[in-house]
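Coordinate analysis (summary)
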Amino acid sequence: MALIVQKYGGTSVGSPERIKNVAGRVAKFHAQGHQVVVVVSAMSGETNRLLALAKELSSAPDPRELDVVVSTGEQVTIGLLALALREMGVSAKSYTGGQVKILTDDAYTKARILNIDDAAIRSDLSEGKVVIVAGFQGVDADGNITTLGRGGSDTTGVALAAALKADECQIYTDVDGVYTTDPRIVPEARKLDTITFEEMLEMSSLGSKVLQIRSVEFAGKYKVKLRVLSSFEEESQGTLITVEENRNMEQPVISGIAFSRDEAKITIQGVPDRPGIACQILGPIADANIDVDIIIQNSGHDGMTDFSFTVTRGDLDKAVKVLDRVKSAIDAAVIETDKTLCKVSIIGVGMRSHPGVAAKMFRTLAEEGININMISTSEIKISVVIEEKYLELAVRVLHKAFCLGDSGGEDEE
Ligand code: ADP
Ligand code: ASP
Ligand code: MG
């Protein structure tokens, strides 16, 4: 008998029929004698609908109240799934994040989980009940409702699996595993049987939304056995996220390609080229809880320089407001913004031992006339910022150039 945490995403619970399908799957595991904790997302489209409603009433909604609104989507699905299971004769009980007591910090809309009280869940499991927990939400120390950021139900699932020391955390979604890239953009994308935590962390942080990055961080930290599977297929083994590097002769140099449309670039022109400037610019940005991604400072001329960095599009207005405040202190001339960009990244632990990967990526893009705006590299990834209109073309040609679609082996030149 195993303890399994299963998380079902929005599409998997997108209609009463689909909720019945999920209930059937859960009931099957339960009947096999397993203890099952189910985490569910809101029905597909619901979180977007709730966000749009809030925006209709307020152009910059108060984050605490926004979390009160958007957390309701998950409350509907936990209740519906519990009803569906009870109709099948399975004893099931639903919990909101607050009812479990998933304690988070108070960073509304992107809160972090600090602690999970597992007492009630354990007691229900020992009585043979299926426990259903609302994804994406928690409460802060003062009892305020918080949410964990888009895609946060993955993190609820993995955090619960860690707290309960579950045998496995299964993330059920609308694709049957992690692919070499988003199969909706490249139909030739290939399903990976395994992917290392390191690679999955990069894939998630660089925009592949199949797993929220924090869920991968949690799984790595607490050694949770994590698998991505389809809720619509019966037999697939999905993709296992592994600690081990599958190092052999066939190890591909590149394992996958991720992309993000959620990029905005800020350039501060005419900044004095002196020590402390980067800190004067980025310190207040960090204090405003804005994540900065790629940073470029060009070499100075006449004692002046240009300073560019990227943030998510949602944070752009907030970042510009912060910079307007510090602009005079740093003697900056002009602040420019650009929302027409995207980021495309190639990822692979095999890159460590293979020189020439960057050159091949840049050549492939150049052959298509795609101009590179910014570049950022690490040991196992290369990211480029390009115009958004070239996103799909860039992903497709890179996927082909690195031979990700067929046997997975790379064509060495
Ligand atoms: P859920 O609602 O189940 O959480 P998401 O929409 O958040 O599902 O994530 C699943 C989607 O992630 C897929 O439908 C797919 O379009 C997208 N995706 C992006 N990159 C990848 C990838 N490398 N492998 C698989 N799916 C990916
Ligand atoms: N419902 C939330 C979202 O759409 C959380 C999730 O689905 O993981 O982002
Ligand atoms: Mg998701």
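Please refer to the structure placed before this passage.
The following refers to the structure shown. (Residues numbered from 1 in each chain as written. Chains lettered and ligands numbered in written order. Predicted model: local features only at pLDDT ≥ 70, side-chain atom pairs only at ≥ 80, totals over all residues. Heavy atoms only, no water.)

Concerning the site of ligand 2
How we decide: Whether a residue is near a molecule or strand is decided by its heavy atoms; if any one of them lies within 4 Å of it, the residue is near. Any N or O atom pair separated by 3.5 Å or less is treated as a polar contact, with the protein-specific requirement of one donor-capable and one acceptor-capable atom, and with residues adjacent in sequence counted only for side-chain atom pairs. Computed with a 1.4 Å probe, the accessible areas rest on the Shrake-Rupley method; for each residue, only the protein chains presented here act as cover. Charged means Asp, Glu, Lys or Arg here, nonpolar means Ala, Val, Leu, Ile, Met, Phe, Trp, Tyr, Cys or Pro, and polar covers whatever is left, Gly included.
Taken together, Ser41, Ala42, Thr47, Glu74, Phe136, Arg150, Gly151, Gly152 and Ser153 are the residues near ligand 2. Here an oxygen atom of ligand 2 sits 2.7 Å away from a polar atom, N or O, in the side chain of Arg150. Within the backbone of Gly151, an N or O atom sits 2.9 Å from an oxygen atom of ligand 2. When ligand 2 is considered free in solution it has 260 Å² of accessible area, and contact with the protein chains removes 86% of it. Considering only residue class, the shell around ligand 2 consists of 2 nonpolar, 5 polar and 2 charged.

Things to note about the sheet that holds strand β10 (residues 194-196)
In a beta sheet, neighbouring strands pair by backbone hydrogen bonds and run either parallel or antiparallel. Operational definition: Any two strands between which DSSP finds at least two bridges are classified as paired. Note on conventions: DSSP H or I runs of at least 4 residues are helices, E runs of at least 2 residues are strands, and numbering of each starts at the N terminus. Simply put, an axis is a line fit to the C-alpha atoms, just over the touching stretch for a helix, and the angle between two N-to-C directions goes from 0 to 180 degrees. Note on contacts: a residue pair qualifies if any of its non-hydrogen atoms lie within 4.5 Å across the two residues.
Spatially, the 8 strands line up as an open sheet ordered β3-β6-β2-β1-β9-β11-β12-β10, and their pairing is mixed. Two strands lie at the open edges of the sheet, namely β3 (92-95) and β10, each paired on one side alone. Within this sheet the neighbouring strands show an average axis-to-axis angle of 20°, counted without direction. Along the sheet, helix α8 (residues 197-205) contacts β10 and β12 (239-242); its crossing angle with β10, the most-contacted strand, is approximately 85°.

Observations regarding the site of ligand 1
Of all residues adjacent to ligand 1, which total 17 residues, the nearest are Thr173, Asp174, Tyr179, Asp182 and Arg184. A distance of 2.9 Å separates a nitrogen atom of ligand 1 from a polar backbone atom of Tyr179. Computed on the free molecule, ligand 1 has an accessible area of 570 Å², of which 90% lies beneath the protein chains in the complex. Classifying every residue of the shell around ligand 1 gives 6 nonpolar, 6 polar and 5 charged.

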